Amino acid sequence: MERDLLGPRDGPDEELAPGDSPAERYLVGRLVPRSESDSATRAAPVSGGDADDDAIAEPMEDPDLEDLDVAGAAEEIDEHEPAAAVRSGRMASSAIGLSFSVPLSVESVKVTASWGRYRRVPSEIHETSQGRPRTVWRREHMHAEWTPVLGVAGESRLRGAAGQDGVELRANVRVRGRLRVVDVSLVNCQSQPAGSPDSARLYQVSITVTAADDHSAVFVGHNDPELTDPPSAHGPEQLQLAMLYRKHRRYGYGRYCAVDGEVRPAETRAWRLTTSCFPAADVPLSVPADAALMPGVILDMARLGSQDLA
């Protein structure tokens, strides 16, 4: 399912079949070009918690949503290639990102971004009836690494990430008590092309953040016992829940994506954060207990529903 909806289905250098477009094939994990006609920005929704839970969840300014022609037509469709269907009214983001917290002692982190760039090229497999190569979409794997400095509050940018003009990595740093709250985003600032929209879209986008040494566990959970404040007294039930789930921590908040935090055994902080446009979770099955191991427990529904049950 992930290969079908997110891709790439046939590997990092895949070639789509004639008549297929990336927008029709992959429905999630894409960034469309940012609109040039509307400079207004919208706050990105937060995945993983309420905005008032912690400073880490403050809204991050995010580029516009712009995706009116999801599929579009290809530039050089040969006579035997069916035109791609155009679906209007879809909305997609031009940026994804994540927010996380690190101690004040952490001066930098390593950001790794990857995505797929699709181009119209002559096919190496398919031919027309005249023996000419068909024109198809082929994927080019893009990879960028960046080490933003966190010691100074404010925004920093890496323009032309992976050598692709109009693609930016951004980091914004704020100090909150004993923590640095960091927003990292991958933004598609390319111009809307005159031809096929897919030539300026990014697919299978992903961001991974680690410590500068690729090893240290520096990402603080929302309820870290050392650096975060204890829960405010909103009532006995909230305090009881905070105690029961004190070992369950959120290490990052996604912007138009989810965030997976990796924690090594015997550690309380995450050492790697990775965005996911196709989040998944293991849900264990509920297994009924053996009534023979519970003497005296009434499980018969007829008796439980009877008014005569004492």
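Coordinates for the structure precede this section.
Residues numbered from 1 in each chain as written. Predicted model: local features only at pLDDT ≥ 70, side-chain atom pairs only at ≥ 80, totals over all residues. Heavy atoms only, no water.

### Quick notes on the environment of Thr-208
The topology assignment puts Thr-208 in strand β11 (residues 202–211). Beyond its immediate chain neighbours, meaning those up to four positions away, Thr-208 contacts Lys-110, Val-111, Thr-112, Arg-272, Leu-273 and Thr-274. (Helix = DSSP H or I, 4+ residues; strand = E, 2+ residues; numbered from the N terminus. Contact = heavy atoms within 4.5 Å.)

### Some words on the pairing of strand β9 (residues 167–176)
Burial analysis of β9 places seven of its 10 residues in the buried class, the great majority of the element. Bridging between strand β8 (residues 154–159) and β9 involves six bridges; their strand directions are antiparallel. In the sheet register, Glu-155 faces β9, and the bridge partner there is Asn-172. In this structure, β9 lies alongside strand β10 (residues 179–188), joined through 10 bridges in antiparallel fashion. When the sheet's bridge partners are listed, Glu-168 is paired in β10 with Val-187. Here β9 folds back onto β10 in antiparallel fashion, the turn holding two residues, of which Gly-177 has a positive phi close to 65°. (Buried < 20%, exposed > 50% of the residue type's maximum accessible area, 1.4 Å probe, protein only. Pairing = 2+ DSSP bridges.)

### What about the pairing of strand β6 (residues 109–127)?
In this structure, β6 lies alongside β11, joined through eight bridges in antiparallel fashion. In the sheet register, Ala-113 faces β11, and the bridge partner there is Ile-207. Here β6 runs beside strand β7 (residues 133–146); their pairing, made up of 13 bridges, is antiparallel. The residue bridging Val-111 from the neighbouring strand is Trp-146, located in β7. Remark: five residues form the turn of the hairpin made by β6 and β7, two consecutive strands paired antiparallel; Gly-131 in that turn has positive phi of roughly 90°.

### Describing the environment of Glu-127
The topology assignment puts Glu-127 in strand β6. What makes Glu-127 exposed here is its relative accessible area of 54%. Spatially, the C-alpha atoms of Glu-127 and Pro-18 are 9.4 Å apart, while their sequence positions differ by 109 residues. If near-sequence neighbours (up to four positions away) are discounted, Glu-127 is found in contact with Arg-132, Pro-133 and Arg-134.

### Describing a nonpolar patch on the surface
A surface patch of nonpolar side chains, about 420 Å² in accessible area, is lined by Leu-241, Met-243, Leu-244 and Tyr-245. Along the chain, Leu-241 falls in helix α3 (residues 236–244). (Patch = residues over 30% accessible without salt bridge, like charges linked within 9 Å, V, L, I, M, F, W, Y side chains within 5 Å. Areas by Shrake-Rupley, 256 points an atom, 1.4 Å probe, with all protein chains shown as cover. Salt bridge = Lys/Arg side-chain N within 4 Å of Asp/Glu carboxyl O.)

### Comments concerning the pattern of salt bridges
Following the criterion strictly, the structure yields 19 salt bridges and no others. When the shortest N-O distance is used, the salt bridge between Arg-180 and Glu-107 registers 3.4 Å. Here the residue Arg-180 occupies a position in strand β10, and Glu-107 occupies one in the loop between β5 (95–103) and β6, the gap between them amounting to 73 residues. Using a relative accessible area of 8% as the deciding quantity, one classes Arg-180 as buried. Here Glu-107 falls in the partly exposed class, since its relative accessible area comes to 43%. If you follow the salt bridges from partner to partner, you end up with Glu-155, Arg-157, Arg-159, Glu-168 and Arg-170 in one network.

### Comments concerning the side chain of Glu-14
Mapped onto the fold, Glu-14 is located in the loop between α1 (2–5) and α2 (22–25). A polar contact of 3.0 Å, which involves the side chain of Glu-14, links it to the backbone nitrogen of Asp-10. When residues no more than four places from it in sequence are discounted, the contact partners of Glu-14 are Pro-8, Arg-9, Tyr-26, Tyr-118, Trp-137, Arg-138 and Arg-139. (Polar contact = N/O pair within 3.5 Å; in protein donor to acceptor, adjacent residues only side chain to side chain.)

Treat this as a map of the structure, not an account of what it does.
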